[in-house]
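Architecture and fold: a report
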Amino acid sequence: MTLKLKDKSLIVSQAFINGDWVDADSGETLDVTNPATGAWVSKVSKCGTAETRRMIEAASVAQKSWAKTTVKERAALLRRWFNLIMENQEDLAQILTAEQGKPLAESRGEIAYGANYVEWFSEESKRVYGDIIPQPSNDKRVMVIKQPVGVVACITPWNFPNAMLTRKIAPAIAAGCAVVCKPANATPLSALALMVLAERAGFPPGLVNILTGRTAEIGAELTSNPLVRKVTFTGSTPVGKQLMAECAATVKRTSMELGGNAPFIVFDDADIDSAVQGAMISKYRNAGQTCVCSNRILVQSSVSEEFTAKFTEAVKTLVVGNGDQEGVTVGPLIDEKAAVGVCEFIDDAVAKGAMVTIGGGMSSRGGCFVEPTILVNVSRDMRVFSEEIFGPVAPILTFESEDEAIEMANDTEFGLAAYFYSRDIGRVYRVAEQLEYGIVGINEGVISNEMAPFGGVKESGSGREGSKYGMDDYMDIKYMCVGGIDK
């Protein structure tokens, strides 16, 4: 596949270690293909343990120097990176769509969204404050400062290959850390293109390193190497649990942004048209492949018929196809295995009594494409209620009371994002406070931005990304007690 890029040098196949572009020691490569067409896009180096160890060692050396830089120096470097990302937004979007499949409009949005984290943390680096604490006696002074945690390992997924990386790298750099990165093998080109721009921005050798390849080998080295002091991961809950267990041996800091099972609640006093619009954005963005996608739509029974009818009509307007084609709003899933898995959710629900109002299986385009689907008459014994679907399938359940809606919404081990629509101010506070989720969207279907803390509770993970709280995950708190003051 030939990409029509203004700057073809953004497509690279090598690993970036200590400021150099290098091949895997074995010379082996991995193919990157377009999920919409199956066409070959490029190849990348297939690295392993040895290359991972070298990049960690390079980052450890670089981090010691970087920790001594001023916050203005860090801010200036990140600002240059931000400017380059935005100047190359169209090329980066083309690369993203080619390897991940999402429509170009969404890819352009992701590039801007990811860049916003770089801009935000370039500015937030200047606002890392300590404390002077009242002393226990007059001969002492008590101070608290924040220092960089050290080398940070970033492991990112394929659904947002640009933004998931920038929102980890940017706060780490702003805090004074060095970074080693392992993007998903399915979508490495977006990550490598970001490194091309980081190099142009003047990142010193070893400050940011990236490689792809043997996932198990690379992960094992990242979690076991004592030079790595923090691991930040976005991905599935089972993999997150494994990484946390592996990090325990060296007591690393971890940030885990894991799976979700987001409820989308529509109460009888909601603006139904707004709720439909919010559900469309929340459910079908990126073909349903986001961790904060609405997974279960819970509608109060008195408005369920109206909501379902309007929602079905809205879904009819979606256009399935290759993400680089004009007018396409739903692209492919990441691979055929994912598409088959999503169809199995539909089959399970139908076998247990659910009805399909639209969609219902594989798209006529075949391959990785699944039809945008709505299921009604859904019950709790169906997989779509308890498991993360990660595809364009919207199961609708009904409820009678506010208490029942809250109980249904919280009936899951996950706790990342939740949404609800209501115009009753008392209900807004009652429901928002009782939902067991790290993020709650109220009369809003798009909730993530760089200024707000992103993260979950329960088995959806720990730590927060974005916002002023996002810096704390990359810093250690040091208490300093100074004695002998009154002598």
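Description of the structure in this document.

Conventions adopted
- Residues numbered from 1 in each chain as written.
- Predicted model: local features only at pLDDT ≥ 70, side-chain atom pairs only at ≥ 80, totals over all residues.
- Heavy atoms only, no water.
- Pairing = 2+ DSSP bridges.
- Helix = DSSP H or I, 4+ residues; strand = E, 2+ residues; numbered from the N terminus.
- Axes fitted to C-alpha atoms, helices over the stretch in contact; angles between N-to-C directions.
- Contact = heavy atoms within 4.5 Å.
- Buried < 20%, exposed > 50% of the residue type's maximum accessible area, 1.4 Å probe, protein only.
- Phe/Tyr/Trp six-rings, centres within 6.5 Å; stacked < 30°, edge-to-face > 60°.

Here the focus is the sheet that holds strand β13 (residues 294–300). Taking strand neighbours across the sheet as the criterion, the seven strands line up as β14-β15-β16-β13-β12-β17-β18 in an open arrangement whose pairing is mixed. The sheet is open, and its two edges are formed by β14 (355–358) and β18 (439–442), each paired on a single side. The average angle at which neighbouring strand axes cross in this sheet is 25°, direction not considered. Alignment of strand β12 (residues 262–266) against strand β17 (residues 417–421), held across three bridges, turns out to be parallel. Within the sheet, the bridge partner assigned to V266 lies in β17 and is Y421. Across the sheet, helix α9 (residues 272–284) is in contact with β12, β13, β15 (373–376), β16 (393–399) and β17; its angle to β12 comes to roughly 165°.

Attention shifts here to the environment of L10. Tracing the chain through its elements places L10 in the segment before β1 (15–17). L10 gets classed as buried once you look at its relative accessible area, which sits at 0%. Along the chain, L10 and M195 lie 185 residues apart, while their C-alpha atoms are 8.9 Å from each other. Dropping the residues within four chain positions of it, L10 is found in contact with N88, D91, I95, A193, V196, L197 and R200.

One pass over the full model with this rule turns up ten aromatic pairs. Ring centres of F267 and F399 lie 5.5 Å apart, and the angle between their planes is 75°; on these two criteria the pair is classed as edge-to-face. With F267 in the loop between β12 and α9 and F399 in strand β16, this residue pair connects regions lying 132 residues apart in the sequence. Given the relative accessible area of 0%, F267 is considered buried.

Moving on, we come to the pairing of strand β3 (residues 29–33). Only one face of β3 is buried: it carries L30 and V32, and the other face, with T29, D31 and T33, is open. Sheet topology note: the β3/strand β4 (residues 40–45) ladder contains five bridges and is antiparallel. Note that in β4 the partner of V32 across the bridge is S42. Where β3 folds back on β4, the antiparallel hairpin that results is connected by six residues, among which G38 adopts a positive phi of roughly 80°.

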